Amino acid sequence: MRALVLADFWKLTVDDVPEPAPGPGDVLIEVVATGICGSDVHGYTGENGRRVRGQVMGHETVGRVLAVGPEAGGGLAVGDAVTVNPVLWCGECRQCAMGREQACPHKQVIGVTPELRSAFAERMAVPARNAVPLPAGMPIEHGALVEPLAVGHHALVRGGCGAGEAVLVIGGGPIGQACVLAARRQGAERVVVSEPAPHRRELNARLGAAVVDPTATDDVAAAVHAALDGEPTLVVDAVGTPQTLATAFACAPIGTTVVLVGMGAPTLDVAAYEISTKERSVVGSFCYSAAEFRDTARWAATEPDALDALIEGRTDLDGGPASFEALARGTAQASKILVFPRGRTDA
């Protein structure tokens, strides 16, 4: 079968690779579409150290079941449209017992763990419990958005978002967009996004957020407060750099929770007094539980117009290398590009 292979950093090739070999508890999936994640782009450039040469990446995916192993549970059948939870958990440790599969000390992640053949390919095999059926009537390509939407949902859960909140999201890229939708999903009254790129500001406005250009003012906090008609009650940093964390502290009033879900830098210089003397909480967020992923798949079917807006580019495997390069060099305006290994025959 054909797949996108990370031949070297800054070099993707379309190669023939061995067919997946599903185990008795697995399902074999024909991939319909896989989204290019920011972490994939950083892996492509080599800057995050979380991808290796020769790897087949991809973890934001949707497809149809081709075969079901004899020991696979879950009631899946050939032809079912499924999205894939890429977090593989052991099911036996304390974290798994608590429903925190994303914290399993033995977890592997499809698209990150090099040994796992992943989703920028024509077919993939996954444990049956990781194949999550799509609700009837949901456009199948929307299933490729469930994974990033679950990331945003978990970030807002980690921040304790509830009805009536005023939420500031720093960064209007795909994860920031997911956080905007998650804030709406969880009952936030007002949401503002701080984002320098005009196109991303426009998209977030279409999702229902107020928007602020941090490069157009000397006082981002004042601009945010004006857009919210008050101070934020929750701040989400969907970028994760020293600059954006500083912006979060500048905008957050005393006692506010700041959720760090962006992974723009592996280390951050933290202004400790901004946490201690102002009694802020800085909360990390990564992935999602299995229940949150399944719930997000169900919820996503209720927001077809918003999900349509998130998909701004589509390509096939042969166009994948050019799409990766354009995203890495910043020449692509699209936030989310989907790769269709067989072309758009099932969209």
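In this text, all values refer to a predicted model and were calculated from it rather than measured experimentally.

Here we take up the layout of surface pockets. Put simply, the second largest pocket is a space of about 180 Å³. The dominant element in the lining of the second largest pocket, judged by the number of residues it contributes, is strand 8 (residues 123-127), at four residues. Looking at the lining of the second largest pocket residue by residue, the class counts come to eight nonpolar, no polar and two charged.

A few words now on the packing of helix 3 (residues 146-158) against helix 4 (residues 174-185). Running from N to C, helix 3 and helix 4 cross one another at 55°; their axes reach a closest spacing of 7 Å. The angle between helix 3 and helix 4 falls in the class oblique. Handedness of the crossing formed by helix 3 with helix 4: right-handed. Of the residues in helix 4, those in contact with Pro148, Leu149, Val151, Gly152, His153, Ala155 and Leu156 of helix 3 are Ile175, Ala178, Cys179, Leu181, Ala182, Ala183 and Arg185.

Here the focus is empty space enclosed by the protein. The gaps of empty space that remain are located by a probe, the size of a water molecule, rolled over the atoms. According to the stated counting rule, one finds one cavity of 30 Å³ or more in the structure shown. Of the voids in this model, the largest cavity is the one considered here, and its volume is about 60 Å³. Lining the largest cavity we find Leu145, Pro148, Leu149, Pro174, Gln177, Ala178, Leu310 and Lys336. By residue number, the principal contributor to the lining of the largest cavity is helix 4, which donates three residues. When grouped by side-chain class, the residues that make up the lining of the largest cavity number six nonpolar, one polar and one charged.

Right, let's get into helix 5 (residues 198-206). Those residues of helix 5 that fall on the buried side of the exposure criterion are Arg201, Leu203 and Asn204. Down the axis of helix 5, the smallest arc covering the buried residues is 165°, so these residues share one side. Turned more than 90 degrees from where helix 5 packs its buried face, Pro198 and Arg206 sit exposed. Those residues of helix 5 that are buried lie in contact with helix 4, strand 11 (190-194), strand 12 (210-212), helix 10 (304-310) and strand 16 (311-316). Count one or two residues on from helix 5 and you reach glycine 208, which has phi positive near 105°.

Glancing now at the UniProt feature "domain: Alcohol dehydrogenase-like N-terminal" (unreviewed entry) in the protein chain. Within this structure's numbering, the places UniProt gives as "domain: Alcohol dehydrogenase-like N-terminal" (unreviewed entry) are residues 23-135. Here residues 23-135 runs as 11% helix and 31% strand, with 26 Å between its end C-alpha atoms.

Glancing now at unusual backbone geometry. One non-glycine residue, aspartate 229, lies in the positive phi region at around 55°. With respect to the element layout, aspartate 229 can be found in the loop between helix 6 (220-228) and strand 13 (234-237). Of the residues examined, aspartate 229 reaches a relative accessible area of 69% and is grouped as exposed. At glutamate 279, a position not held by glycine, the phi torsion is positive, near 50°. Relative to the assigned elements, glutamate 279 resides in the loop between helix 8 (272-276) and strand 15 (281-284). On the accessibility criterion, glutamate 279 (60% relative accessible area) is exposed.

Here is what the cut-offs are and how they apply
- Residues numbered from 1 in each chain as written.
- Predicted model: local features only at pLDDT ≥ 70, side-chain atom pairs only at ≥ 80, totals over all residues.
- Heavy atoms only, no water.
- 1 Å grid on protein atoms, 1.4 Å probe; cavity = no way out; pocket = protein on both sides within 12 Å on 5 of 7 lines; lining within 4 Å.
- Points joined across faces, edges and corners; volume = space filled by probe spheres on them.
- Helix = DSSP H or I, 4+ residues; strand = E, 2+ residues; numbered from the N terminus.
- Nonpolar A, V, L, I, M, F, W, Y, C, P; charged D, E, K, R; others polar.
- Axes fitted to C-alpha atoms, helices over the stretch in contact; angles between N-to-C directions.
- Parallel < 35°, antiparallel > 145°, perpendicular 65-115°, else oblique.
- Left-handed = near helix turned anticlockwise from the far one by under 90°.
- Contact = heavy atoms within 4.5 Å.
- Buried < 20%, exposed > 50% of the residue type's maximum accessible area, 1.4 Å probe, protein only.
- Arc of directions from axis to C-beta.
- UniProt positions renumbered as here; feature names shortened; annotations may be inferred.

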